[in-house]
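# Breakdown of the fold
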Amino acid sequence: MTNSATIRQQIFSLADRDAPRTEAMIQADVRQLLLIAPLNLDIEDLHDIVLESPLGDRRRIDIEMGSTVIEVKKDLRKGSVRAEAVEQLYGYVSEREHQSGHRYIGLLTDGAEWACYRASEGELKSVSTIVVNAANPEVDEFLVWLEGVLATATAISPAAREIRARLGVGSSSHALDKASIKSLYEANKDEPSVKLKRSLWSKLLTSALGTQFDGSDDLFVEHTLLVNSAEIIAHAVIGLPVESLPPISLLSGSKFDESGVHGVVEQDFFDWVLEVDGGQAFVRSLARRLGRFDWSVVEQDVLKVLYESVIGAATRKRLGEYYTPDWLANQIVEKTVDDPLNQRVLDPACGSGTFLFHAVRRYLRAAEQKLMPLDETLTQLTQHVIGLELHPVAVTLARVTYLLAIGRSRLTDPNRGEIQVPVFLGDSVQWREQQTDLLSKGTLTIETDDGVQLFSDELKFPDNLLNNAGTFDQLVQEMADRAANRKAGSPVPSLSGIFQRLAISTADQPALRDTFRIMCDLHDQGRDHIWGYYVRNLARPMWLAQSKNRVDRLIGNPPWLAYRHMPPDMQAVFRSMSESRGLWHGAAVATQQDLSALFAARSCQLYLRDDGDFAFVMPNAVVDRGQYSGFRSGEFPDSVEPVAVSFTPSWDLRKLRPHFFPRGASVIFGKKSKQAVQMPAQIESWQGKLPGSDAHWSEVEPCVSRITDEARIFDTTIQSAYKARFANGAILSPRLLFMVEERDASPLGVPAGRKSIKSSRSANEKKPWKALASFEGTVETEFVRPLYSGESLLPYSMMAPLQVIVPWNGTKLLGSSDEDLELYIGLADWWRAAEECWEKHRSSDRLTLLEQLDYHSKLSKQFPIPKIRVVYNKSGMHLSAAIVTNKRAVVSNGLYWAAAASMDEAHYICAFLNSPVTTELVRPLMSYGKDERHIDKYVWGLPLPEFSSHETDHIELSGLGEEAAQLAGSVETDSSKHFSAQRRAVRNALSGTAACKRIDEIIYDLLS
């Protein structure tokens, strides 16, 4: 039997809880699994797997291995076994931690279920659990989970799949580390230094991410874990033994300073863990887990993968954090940076450093081809590839990515010389332009207000010091270190030695002494440790904006922060800056505008030299939507420094599948010039199916075709009058309480005017409702109405409706507080039971059941029900529409509806909505997911005129719509098939008919 087969058999045997066995047998089998599984145990580890390990007080641990104690039970499903075992395990873990002084992990198992625990706040807390299916065990998944707990493997490849599996949210490693650091934060979050660092973190990320940033403690904890991880990885990249380095060294960067690598790891928002009890033990444990990887071999931005693996998809979507795929960044760099040794490149929104990675690699290849000495290569590299980023977590990730791009062999070469990694925390837009400038009257000014003090102090530095970035950084760092190392309350030390070593002019010294005095005061107040970091990084955009320091190439992916998600003060500045540059398209489309265009224009203005080139990943709307017309003009007026750019053809990436962002993307190219050249309508359309999110360009290239096409410009300010007439249907949720079907009545029957009904269930119901029992009752017939949903709709026709309870008495909706409800015994009984269920199981929102039913008046506005309505689907790959004349039927939120003044108008609208031409024209206007699916009101971005009986083409289109409806009604459909298949059958039957061909021609002419 092969080793893998042996391991599988061993896991299968352990997982079979129904087999006759004893705890001693399970203990032996667990030990055997540890011995034979690919856990990378060395000889010492193998000897350390001890059965019945004595605790020292007559108690014995079932199995002990390193820093893990394992408690074995016969079957954890039975009775009080689990609770007793957890209590027993806590005694073992806490005693071992007391004896050793470092963290222990508890593992509870019956062979099938494996539960990982850690001791915290006087109890054992569950961290991660996995259950092995005895019938079909997932061997690889289980072994990765187990290895994550034991942290025994070494030399793991830092490939994306390994990062996700071993460090991502679903891994046992992440669960352990997240639980540990969260416990540390909860115990120390009111400490002054921790509060200060969290406050500055929140302030910066509100600027970067707007109102979508919620500033939660949980996110701060996750960011701390990410940054601590990245800083430990940075040490591993240059070959340092992270498992044995002091924690303070790992998070302060002292080893980097000793080795002449500067600007990678430094005191920041996230080193608070070193200041709290238990923090150093946590850092040691984290270092042990990360030291298992071979960080010397990296071929892509793996820190991006780490970020996306730790920060959940829902959080990243809310914050708008989506990083550029490596293959795309690689191609943009290859196209734009055509002379890397002679072009200075800046990514002003560098994120985790994807573009920097490929720009660094491009420079190094060119330097090697030219046979440049290593010390010269690295010195010149750090002057030629630079990054800025406002997100403090991303800054640290990007710095480590920069090191990974350089590679261990170069970093450890004795001939390399000093390196200053040029990735800076900075406000690239310089939002304070219209408020208080950081740089004014010859002085860089940083406010130290942390929201706690009544008055704020200011740290001031003469701006001429910014001319030498290395000297300025060293000066600020030494001032911050000296303030932090001084005993609180002692006299302010002299700076004369620093001034002399760094050749600081006499004229600049008084201001620096005043600033140093404030830094010492901040230390006495417990508010220091961070200002040096803050000052050095916020100063860098000012320095780059000076004309002599501007770059030759701008590349990157600007933030796509939507206007509606900006805080009010940011909205005001954004609008002002956009208006002055001709980028504001009017309040009517404000919600469709985002930061990307202003960011790109502002970056060109501040950081790009004349005739310098740029390439930015932008929303696809930039190339064809009306709200970006000002940006496409290439002319950005400004009272201080007007900017003009000359655009060249863009890349349209919207037709790549799957979409790698939640919105369609494009890449724009151009040059800063004296004369503006409008963005060409000509585009290069990329089409094809991508092989995977982590693919390299060599894998992507064969899957993609690049076709010359032309962009069609859509002016979103021109909209059909029908947009205002259509409304979304009602949200009849949860289904359990409202959707019903008839049930068999009892032999005694039901009272006249009532129906015997029960809840109509669906496999698509959500928790907790799907697990609840159905409702049953007899309800007055007038309150059981037909319901049309998206599943009822076919092109030009409706299938049989569903049934729904609607408490409408002819004049109003009835709730439990309404006295009229008592007039209807059946409805009252159903409604009270439904309300009780709602109150017990609803989420944290405060809506009553009636408010939920009539959310935003989507139900009540349907009454009195119009005689003629047109409905169309909210989502789907194709538009479908039909006429509804049932005056009792209500419409659900899967449809949009509008009253029609006549059947002629209804047929006119239906013909328009069902036409394939309409679907194709509206597709570029739609939002993007797996495919363009969310039609909503985007369709009315097409300027369909309102129906007029005086327009011959309107009359003709109406008649053709009626003819198409008759044809659709004659199509046989199979009700056993999914509604999407039935829609397709109708579309196929209509396609090619004379009536539908003519409808398409008229629609095209009307919209043209």
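As shown above, the structure is provided for reference.
Quantities reported herein were computed from a predicted structural model and do not represent experimental measurements.

### Describing the overall build of the protein chain
- What the protein chain contains, in helices and strands, is 38 helices and 33 strands.
- Rg of the C-alpha trace for the protein chain: 33 Å, near the compact-globule value of 30 Å for 1008 residues, within the 12% margin.
- With respect to the principal axes defined by its C-alpha atoms, the protein chain has extents near 95 × 85 × 65 Å.
- By the burial criterion, 56% of the 1008 residues in the protein chain qualify as buried.
- Partitioning the contacts of the protein chain with sequence separation of at least 6, the portion at a separation of at least 24 is 72%.
- Roughly 41,800 Å² of accessible area belongs to the protein chain as shown, and the carbon and sulfur atoms make up 49% of that amount.

### Some remarks on the packing of helix α1 (residues 3-15) against helix α2 (residues 23-36)
- Where α1 meets α2, the axes come as close as 10 Å, and the angle between the chain directions of the two elements is 155°. Between α1 and α2, the angle is such that the two are roughly antiparallel. As α1 runs across α2, the sense of the crossing is left-handed. Here Asn3, Thr6, Ile7, Gln10, Ile11, Ser13 and Leu14 of α1 lie close against α2, whose contacting residues are Ile26, Asp29, Val30, Gln32, Leu33 and Ile36.
- Along the lines of polarity and charge, the residues of the contact of α1 with α2 split into 7 nonpolar, 5 polar and 1 charged.

### Let's talk about helix α7 (residues 172-188)
- With 17 residues, α7 should reach 24 Å at 1.5 Å per residue; the first-to-last C-alpha distance of 25 Å fits that figure.
- With 13 of its 17 residues buried, α7 lies for the most part within the structure.

### A closer look at the packing of helix α5 (residues 139-150) against α7
- Close contact between α5 and α7 brings their axes to 7 Å; oriented N to C, the two are set at 35°. Across from Val144, Trp145, Gly148 and Val149 in α5, the residues of α7 making contact are Ser172, Ser173 and Leu176.
- Counted by class, the contact of α5 with α7 contains 4 nonpolar, 3 polar and no charged residues.

### Details of the sheet that holds strand β29 (residues 802-805)
- Sheet architecture is open: 6 strands sit in the order β25-β24-β23-β29-β26-β32, paired in mixed fashion. Bordering the open sheet on either side are β25 (776-780) and β32 (890-891), each of which pairs with just one other strand.
- Pairing between strand β23 (residues 739-742) and β29: 2 bridges, direction antiparallel. In the sheet register, Val740 faces β29, and the bridge partner there is Gln803.
- Packing of helix α32 (residues 825-841) onto the sheet brings it into contact with β23, β24 (754-759), β25 and β29, and relative to β25 it is tilted by some 140°.

### Regarding unusual backbone geometry
- Going from Arg657 to Pro658, the amide bond is cis rather than trans, its omega being -5°.
- Tracing the sequence through the fold places Pro658 in the loop between β18 (643-657) and β19 (665-673).
- A cis amide bond links Phe863 to the next residue, Pro864, at an omega of -10°.
- Here Pro864 lies in the loop between α33 (849-853) and β30 (869-873).
- A positive phi angle is found at Ala503, which is not glycine, with a value near 55°.
- Along the polypeptide, Ala503 turns up in the loop between α21 (496-501) and α22 (509-524).
- Unlike most non-glycine residues, Ser857 shows phi in positive territory, near 60°.
- If you trace the backbone, Ser857 turns up in the loop between α33 and β30.

### A look at the packing of aromatic side chains
- By the definition in use, this model includes 36 aromatic pairs.
- With a centroid separation of 4.9 Å and an interplanar angle of 70°, the aromatic rings of Trp651 and Phe669 are classed as edge-to-face. Here Phe669 lies in strand β19 and Trp651 lies in strand β18, a separation of 18 residues in the sequence.
- Relative accessible area serves as the criterion here: at 4%, Trp651 is assigned to the buried category.
- Residue classification places Phe669 among the buried positions, given a relative accessible area of 4%.
- An angle of 25° between the planes, with centres 5.1 Å apart, marks the rings of Phe726 and Trp940 as stacked. Of this pair, Phe726 sits in the loop between α30 (722-725) and β22 (727-728) while Trp940 is found in the loop between α35 (916-922) and α36 (952-969), placing the two residues 214 residues apart along the sequence. For the residue pair Phe726 and Trp940, the accessibility class agrees, reading buried in each case.
- Within the aromatic cluster, the residues linked to one another by ring pairs are Trp327, Trp560, Trp651, Phe660, Phe661, Phe669, Trp686 and Trp697.
- For the cation-ring pair, Lys335 lies above Phe669, with the distance from its terminal atom to the ring centre recorded as 4.9 Å.

### Re α32
- In a regular helix each residue adds 1.5 Å, so 17 residues correspond to 24 Å; α32 covers 25 Å between its end C-alpha atoms and thus fits that length.
- Where the residues of α32 are buried, they touch α31 (735-738), β23, β24, β25, β29 and α33.

### Points about the environment of Val986
- Assignment of secondary structure puts Val986 in helix α37 (residues 979-990).
- Assessed through its relative accessible area of 1%, Val986 is described here as buried.
- As a C-alpha pair, Val986 and Ser970 span 16 residues in sequence and 9.4 Å in three-dimensional space.

### Examining the side chain of Ser249
- Relative to the assigned elements, Ser249 resides in helix α10 (residues 247-252).
- By relative accessible area, Ser249 is classed as buried at 4%.
- Within the structure, the side chain of Ser249 is placed 3.4 Å from the side chain of Ser254, a separation counted as a polar contact.
- Ignoring any residue separated from it by four or fewer positions in sequence, one finds Ser249 in contact with His235, Ser254 and Lys255.

### Let's talk about the sheet that holds β30
- Taking strand neighbours across the sheet as the criterion, the 4 strands line up as β22-β33-β30-β31 in an open arrangement whose pairing is antiparallel. Edge strands, defined here as strands with exactly one partner in the open sheet, are β22 and β31 (881-884).
- Bridge count for β30 against strand β33 (residues 895-899) is 5 bridges, and the pairing is antiparallel. Within the sheet, the bridge partner assigned to Val871 lies in β33 and is Trp897.
- Strand contacts of helix α34 (residues 903-914): β30 and β31, with the helix running at about 160° to β31, the strand carrying the most contacts.

### Observations concerning the pairing of strand β16 (residues 608-619)
- For β16, the buried fraction is high: 9 of the 12 residues fall into the buried class.
- Bridge count for strand β15 (residues 551-556) against β16 is 5 bridges, and the pairing is parallel. Bridged to Gly556 within β16 is Phe616.
- Both β16 and β19 contribute to a ladder of 7 bridges, which runs antiparallel. Directly across from Pro619, in β19, lies its bridge partner Ala665.

### Concerning empty space enclosed by the protein
- Enumeration over the complete set of coordinates arrives at 5 cavities of 30 Å³ or more.
- Considering the residues around the largest cavity, the lining is formed by Leu167, Ser173, His174, Asp177, Leu225, Leu226, Ser229, Leu286, Arg289, Leu290, Leu306 and Val310.
- Sorting the residues of the lining of the largest cavity by element identifies α7, α9 (217-237), α12 (279-290) and α13 (302-310) as the ones contributing at least two each.
- Across the lining of the largest cavity, the residue classes tally to 7 nonpolar, 3 polar and 2 charged.
- In this model, the second largest cavity occupies a volume close to 80 Å³.
- Broken down by secondary-structure element, the contributors of at least two residues to the lining of the second largest cavity are α25 (568-580), α26 (596-607) and α28 (629-632).
- For the lining of the second largest cavity, the residue count by class is 6 nonpolar, 4 polar and 1 charged.

### With respect to the environment of Ala899
- Structurally, Ala899 is set in strand β33.
- With 31 residues separating them in the primary sequence, Ala899 and Ile868 have C-alpha atoms 5.8 Å apart.
- Here Ala899 is in contact with Arg725, Pro866, Ile868 and Arg869, once residues within four sequence places are set aside.

About the criteria used
Residues numbered from 1 in each chain as written. Predicted model: local features only at pLDDT ≥ 70, side-chain atom pairs only at ≥ 80, totals over all residues. Heavy atoms only, no water. Helix = DSSP H or I, 4+ residues; strand = E, 2+ residues; numbered from the N terminus. Rg over C-alpha atoms; globule rule 2.2 N^0.38 Å. Buried < 20%, exposed > 50% of the residue type's maximum accessible area, 1.4 Å probe, protein only. Contact = heavy atoms within 4.5 Å. Areas by Shrake-Rupley, 256 points an atom, 1.4 Å probe, with all protein chains shown as cover. Axes fitted to C-alpha atoms, helices over the stretch in contact; angles between N-to-C directions. Parallel < 35°, antiparallel > 145°, perpendicular 65-115°, else oblique. Left-handed = near helix turned anticlockwise from the far one by under 90°. Nonpolar A, V, L, I, M, F, W, Y, C, P; charged D, E, K, R; others polar. Expected span 1.5 Å × (residues − 1). Pairing = 2+ DSSP bridges. Phe/Tyr/Trp six-rings, centres within 6.5 Å; stacked < 30°, edge-to-face > 60°. Lys NZ or Arg CZ within 6 Å of the ring centre and 35° of its normal. Polar contact = N/O pair within 3.5 Å; in protein donor to acceptor, adjacent residues only side chain to side chain. 1 Å grid on protein atoms, 1.4 Å probe; cavity = no way out; pocket = protein on both sides within 12 Å on 5 of 7 lines; lining within 4 Å. Points joined across faces, edges and corners; volume = space filled by probe spheres on them.

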